[in-house]
Amino acid sequence: MDDYDQQPIEFNIPDANTSEDYVQMITAGEQPRLRWYSRSQFKTRFQYDPLNPPRPTGVNPDHWKTQAENRLKSKPDPTVTLNDDRRTLLQRIARLWNGEVVCGVHLLADHCPRITELTTDLNEDTLNRLYYNTDLGKHVILAFEAADWFNRPNSFLKPNTLLRKQAWYDLGQKGRTLINGRNDLPNLHGDPHEGLVHRVTTGLVRLHDELRDWHSTSYRPWQDYVIDVLGTDQDGQVYAREVMTEHHNWKLYRRTYWKLKTLNEHDVKPVAVFDSRETAYTVFNHWFRAGLAELPNGTFDSDFNISDGQEETEDAYENDAYDWPVADWTTTWKLKEKTLESTDPALTRNQIVSLDW
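Residues numbered from 1 in each chain as written. Predicted model: local features only at pLDDT ≥ 70, side-chain atom pairs only at ≥ 80, totals over all residues. Heavy atoms only, no water.

## Describing the pairing of strand S1 (residues 157–162)
Applied cut-off: Here, any two strands with at least 2 DSSP bridges between them count as paired. Strands here are runs of E lasting at least two residues and helices are runs of H or I lasting at least four, both read from the DSSP assignment and numbered beginning at the N terminus.
The pairing of S1 with strand S2 (residues 165–171) spans five bridges and is antiparallel. What sits directly across from Thr161, in S2, is Gln166. As consecutive antiparallel partners, S1 and S2 are separated by two residues, and within that stretch Leu163 has a phi angle of approximately 55 degrees, a positive value.

Below you can see the structure in the form of C-alpha cells.
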C-alpha cells in the first residue's frame, strides 16, 4: 500500500543456511500462464487464504487484507473520450475507407498510403488510445499478446499488412461499430463486419471491371445474399466475385461455399478472391475434407503455385464428374498487379479516385 511505499519491508522468512555459499542464478522459462482458482482451491493449493496472504512484519493486518481485496478486483477498461484529434482521425479513416481522397491520398490510387499521411497535423500521443489501453502500456501488450492467457483489450484501430505495406488504419469491430453509430462520423461502405483487406480487395475487383468495360456493382443484393461484386462482361455473362480473407470461422467458409454453389446453379459464374494463396488452399482443402466439393487430385499443399492451382480448379469446374462450384479464383496481390500496375490499358488517377465501390 501507499502507506508503506517509503518504508523498508522485512518478511517473516527463516534465516538462510549461512554455512552454504550462494551464487547468482538467472533462469529463463516459458511465458507465464494464467490459471484461475476459487478461494477454496487457492487455500488447498497454496496453504493460505488469498484474501489474507502472509504479510510483511509491521504492517497493519486490516490494511494488508484491504490491499489484497483491491488487487483481486478487476480493473475495467477505461472509457475512451473522443477528443478533437481522435474524432478527426476516425473521420479521415472512414472517408478513406469509403473511397474518398483524404489529406491528398486515396486508398487504391496510392496503394494503401501510410497512416502518417493522415496524422501529420494531429497529436500522435493522444491517438495511441485508439490502438491500445495506454493505462496497460504498449510494452506489456507486445510482451504478452502471444500468450494464450492474455486477453488483449479491444481496440478501435489495428495494424494490418496489405499490398506488402503496414496499414495502421484497419478497423476492429469496436471501431466499425463506433463509426457507424455516430452522427458526427460518416457511415462506412460495405459489410459492417469486413476488415480493410476485404474492403480494398472489393475495390480492386471493381477496378478490374472498369479496365474491361464491364458493368458491375459492389455489395449487390441477390435473393437472400449480398454479393461482394456482381458484374456482367461484354458477352452478357454474369460473374459473382466473393472476397474471402483468413479467419478461423469454418462455418462461415461453408456458408460461402453454399452461396457460390447456389449462384452457379443460376448460371452466374462464381469467382473467389482470396487475401492470399495460403488462404485459398486452406479454404479449398476444408471444403474437400468436409465433403462439400471434389477435386481431381485431392487437397493442395502449401507449395502449390497459383497458376497450377487455378488450372486444377478450372478442370474440376468444367468436368461434370466433379462437384466444384468455383469457376475461377485469384488473390488480392494478383488483382493489384492486373489493375493498379496495368499498362495495357492503364487507369488514370482520376478514373481510380472517381470509382464508386
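Now that the structure has been shown, we can carry on.
## Focus: unusual backbone geometry
Put simply, the rule reads: For the exposure calls, accessible area comes from a 1.4 Å probe over protein chains only, and a residue counts as buried if that area is under 20% of its type's maximum, exposed if over 50%, partly exposed in between.
Omega for the bond connecting Asp344 with Pro345 falls within 30 degrees of zero, at -5 degrees, which places this linkage in the cis form. Notably, Leu163 is not glycine yet its phi reads approximately 55 degrees, a positive angle. Relative to the assigned elements, Leu163 resides in the loop between S1 and S2. Relative accessible area serves as the criterion here: at 11%, Leu163 is assigned to the buried category. In this structure, Asp267 is a non-glycine residue whose phi angle is positive, near 60 degrees. Examined against the element boundaries, Asp267 turns out to sit in the loop between helix H9 (250–265) and strand S6 (269–274). Its relative accessible area of 64% is what places Asp267 among the exposed residues.

## Observations regarding the packing of aromatic side chains
Here is the rule: Any pair of Phe, Tyr and Trp rings, taking the six-membered ring for Trp, is counted once the centres come within 6.5 Å. Such a pair is stacked with planes under 30 degrees apart, edge-to-face with planes over 60 apart, and tilted for the rest.
All told, the structure shown has 18 aromatic pairs when counted by the stated rule. Ring geometry for Phe274 against Phe284: centres 5.3 Å apart, planes inclined by 90 degrees, an arrangement best described as edge-to-face. Here Phe284 lies in helix H10 (residues 277–289) and Phe274 lies in strand S6, a separation of 10 residues in the sequence. For Phe274, a relative accessible area of 0% corresponds to the buried category. Ring geometry for Phe284 versus Trp324: centroids 5.1 Å apart, planes at 75 degrees, classification edge-to-face. Residue Phe284 is located in helix H10, and its partner Trp324 is located in the loop between helix H11 (306–318) and strand S7 (328–331); the two are separated by 40 residues in the primary sequence.

## What to know about the pairing of strand S3 (residues 215–222)
Regular strands show a simple pattern: their side chains alternate between the two faces of the sheet. As judged from the seven bridges shared by S3 and strand S4 (residues 225–232), these two strands associate in the antiparallel manner. Residue pairing for S4: Ser216 is matched across the bridge by Gly231. What sits between the antiparallel neighbours S3 and S4 is a turn of two residues, in which Gln223 has the positive phi angle 50 degrees.

## Things to note about the packing of H9 against H10
To be explicit about the condition: Note on definitions: angles span 0 to 180 degrees between N-to-C directions of axes, and those axes are lines fitted to C-alpha atoms, for helices only across the stretch in contact. Should an angle lie under 35 degrees it is considered roughly parallel, over 145 roughly antiparallel, and from 65 to 115 roughly perpendicular; all remaining angles are considered oblique. The contact rule is simple, with two residues in contact once any of their heavy atoms fall within 4.5 Å. For this classification, Asp, Glu, Lys and Arg are treated as charged, while Ala, Val, Leu, Ile, Met, Phe, Trp, Tyr, Cys and Pro are nonpolar and the rest, including Gly, are polar.
Packing of H9 against H10 leaves a shortest axis separation of 10 Å and a crossing angle of 80 degrees. Compared by their axis directions, H9 and H10 come out roughly perpendicular. In this structure, H9 uses Trp250, Tyr253, Arg254, Tyr257 and Leu260 to contact H10, whose residues at the interface are Thr279, Thr282, Val283, His286 and Trp287. Here the residues of the contact of H9 with H10 sort into six nonpolar, three polar and one charged.

## What about the side chain of Arg176?
Worth spelling out the cut-off: Whenever a nitrogen or oxygen atom comes within 3.5 Å of another N or O atom, the pair is scored as a polar contact, on the condition that within protein one atom can donate a hydrogen and the other can accept it, and that pairs from neighbouring residues in sequence are kept only if both atoms are in side chains.
Its location among the elements puts Arg176 in helix H7 (residues 173–180). From its side chain, Arg176 meets the backbone oxygen of His193 in a polar contact 3.3 Å long.

## Examining the sheet that holds S3
Taken in spatial order, the five strands of this open sheet run S3-S4-S5-S6-S7, and their pairing is mixed. Two strands bound the open sheet, and with one partner strand each, they are S3 and S7. Along the sheet, successive strands turn relative to each other by an average axial angle of 30 degrees, direction set aside.

## Description of the environment of Asn264
With respect to the element layout, Asn264 can be found in helix H9. Asn264 sits 25 residues away from Tyr239 along the chain, and the two C-alpha atoms are 9.4 Å apart. Each residue touching Asn264, except ones within four places of it in the same chain, is listed here: Pro270, Tyr317 and Pro325. Polar contacts involving the side chain of Asn264 include one to the side chain of Tyr317, which spans 2.6 Å.

## With respect to the nonpolar core
Stated precisely, the cut-off is as follows: Side-chain atoms within 4.5 Å are what join buried Ala, Val, Leu, Ile, Met, Phe, Trp, Tyr and Cys residues into a set we call a nonpolar core.
Counting residues in hydrophobic clusters, the biggest one holds 48 residues, and the most contacted among them are Leu89 and Tyr169. At the level of secondary structure, the elements contributing two or more residues to this core comprise helix H3 (84–97), S1, S2, H7 and helix H8 (196–211). Residues within four places of Leu89 in sequence aside, it is in contact with Ile115, Leu118, Thr119, Leu122, Leu127, Leu130 and Leu157. Core analysis: the next-biggest nonpolar cluster, separate from the first, contains 28 residues, Ala240, Ala280, Leu292 and Leu295 among them.

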